[in-house]
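# Summary of structural features
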Amino acid sequence: MSDLPTTSLKSNKLFSTELLLSRDRVGALIFLLLCLGYGYQAYQIPLYPGDELEPFTARTLPFALTIIGSLLSLLLLISGQPDSKSGAVVNFNWKLLIAFIVLMALYGLGLTYLGFVLATGFFLMAGFYLLGERRKKVLFGASFPFVIAFYLLLTKGLDVYLEPGVIFTLW
């Protein structure tokens, strides 16, 4: 009996913390929780009377997205690789992440006051600047023409109303 190999769970590579707590699996678990929360919120969408037997309702697409997202996150949970094999970024730029979160919050506020065109144009310019682009031709050329084209597509092509912004309604 003494010549049997003794292994513990800690020495077993199948149960190592490197594999179980990889970035792929933690990200997949977070995404799974978000999908399940989204599915719960989709269940709260009220249906019109008589929609119970309809094949496509207001809940259909959110439920489909919940199922697809949950299946993909479960697939990533099962097939997750250790960080050394997956090529995960070890050194993360937290300052850039925080700057983008602040920029997104300012964009949300700017939509109310500046309107879609100005707020989105400034958001894209600031985002390009944060990512390292310094040429003014690229900053202006990649942000405002795209925003104006998208604005025209939404308002003229698809007849979607976009709030002009408080500063334009005061005049």
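Residues numbered from 1 in each chain as written. Predicted model: local features only at pLDDT ≥ 70, side-chain atom pairs only at ≥ 80, totals over all residues. Heavy atoms only, no water.

- The name recorded for the chain in an unreviewed UniProt entry is TctB, from Vibrio navarrensis.

## Observations regarding the overall build of the chain
- For the chain, the count of helices and strands is eight helices and zero strands.
- A buried classification covers 22% of the 171 residues belonging to the chain.
- About 13300 Å² of surface is accessible on the chain, with carbon and sulfur atoms providing 71% of the total. (Helix = DSSP H or I, 4+ residues; strand = E, 2+ residues; numbered from the N terminus. Buried < 20%, exposed > 50% of the residue type's maximum accessible area, 1.4 Å probe, protein only. Areas by Shrake-Rupley, 256 points an atom, 1.4 Å probe, with all protein chains shown as cover.)

## Quick word on the UniProt feature "transmembrane region" (unreviewed entry) in the chain
- When the UniProt feature table is mapped onto this chain numbering, "transmembrane region" (unreviewed entry) sits at residues 20–40, 60–78, 90–107, 113–131 and 138–154.
- Secondary structure across residues 60–78 divides into 100% helix and 0% strand, with the first and last C-alpha atoms of the span separated by 27 Å.
- For the annotated span residues 113–131, helix accounts for 89% and strand for 0% of the residues, and the straight-line distance between the end C-alpha atoms is 25 Å. (UniProt positions renumbered as here; feature names shortened; annotations may be inferred.)

## Concerning a nonpolar patch on the surface
- Nonpolar side chains collect at one region of the surface, where Phe92, Trp94, Leu97, Ile98, Ile101, Val102, Met104, Leu106 and Leu109 lie side by side and expose about 910 Å² of accessible area between them.
- Secondary-structure assignment places Leu109 in helix α5 (residues 94–114).
- Exposure remark for Leu109: the relative accessible area of 53% places this residue in the exposed category. (Patch = residues over 30% accessible without salt bridge, like charges linked within 9 Å, V, L, I, M, F, W, Y side chains within 5 Å. Salt bridge = Lys/Arg side-chain N within 4 Å of Asp/Glu carboxyl O.)

## Focus: helix α3 (residues 60–79)
- The terminal C-alpha atoms of α3 lie 29 Å apart, and with 20 residues this matches the ideal 28 Å at 1.5 Å per residue to within 8%.
- Looking at α3, one finds that the buried residues are Pro62, Thr66, Gly69, Ser70 and Ser73. Buried residues of α3, seen end-on, are gathered within an arc of 105 degrees and therefore sit on one face of the element. Across from the buried face of α3, at angles greater than 90 degrees, the exposed residues are Ile67, Leu71, Leu72, Leu75 and Ile78.
- Against α2 (23–43) lie the buried residues of α3. (Expected span 1.5 Å × (residues − 1). Arc of directions from axis to C-beta. Contact = heavy atoms within 4.5 Å.)

## Description of unusual backbone geometry
- Located in the positive-phi region is Asp159, a residue other than glycine, with phi close to 55 degrees.
- Relative to the helices and strands, Asp159 is located in the loop between α7 (136–157) and α8 (166–169).
- On the basis of relative accessible area, Asp159 is assigned to the exposed category, the value being 67%.

## So, the packing of aromatic side chains
- Considering all chains together, one arrives at six aromatic pairs under this definition.
- Here Phe140 and Phe144 contribute two aromatic rings whose centre-to-centre distance is 6.3 Å and whose plane-to-plane angle is 20 degrees, an arrangement assigned as stacked. Placement of both Phe140 and Phe144 in helix α7 is noted, with a separation of four residues, approximately one turn of the helix.
- Judged by relative accessible area, Phe144 falls into the buried class, the value being 17%.
- A network of ring pairs unites the aromatic residues Phe116, Phe146, Phe150 and Tyr151 as a single cluster. (Phe/Tyr/Trp six-rings, centres within 6.5 Å; stacked < 30°, edge-to-face > 60°.)

## Thoughts on helix α6 (residues 116–130)
- Under the 1.5 Å per step criterion, the end-to-end length of α6 is 21 Å for 15 residues, consistent within 8% with the ideal 21 Å.
- Among the residues of α6, those classed as buried are Phe116, Ala119, Thr120, Gly121, Leu124, Met125 and Gly127.
- The elements touched by buried residues of α6 are α5 and α7.
- Where α6 terminates, the next one or two residues include Gly132, which has phi positive at roughly 110 degrees.

## Section: the packing of α6 against α7
- Following both chains from N to C, one finds α6 and α7 inclined at 150 degrees, their axes separated by 9 Å at the closest point. As for the relative orientation of α6 and α7, their crossing is right-handed in sense. Facing Phe116, Val117, Leu118, Thr120, Gly121, Phe122, Leu124, Met125, Phe128 and Tyr129 of α6, the residues of α7 in contact are Leu139, Phe140, Ala142, Ser143, Phe144, Phe146, Val147, Ile148, Phe150 and Tyr151.
- Split by residue class, the contact of α6 with α7 holds 17 nonpolar, three polar and no charged. (Axes fitted to C-alpha atoms, helices over the stretch in contact; angles between N-to-C directions. Left-handed = near helix turned anticlockwise from the far one by under 90°. Nonpolar A, V, L, I, M, F, W, Y, C, P; charged D, E, K, R; others polar.)

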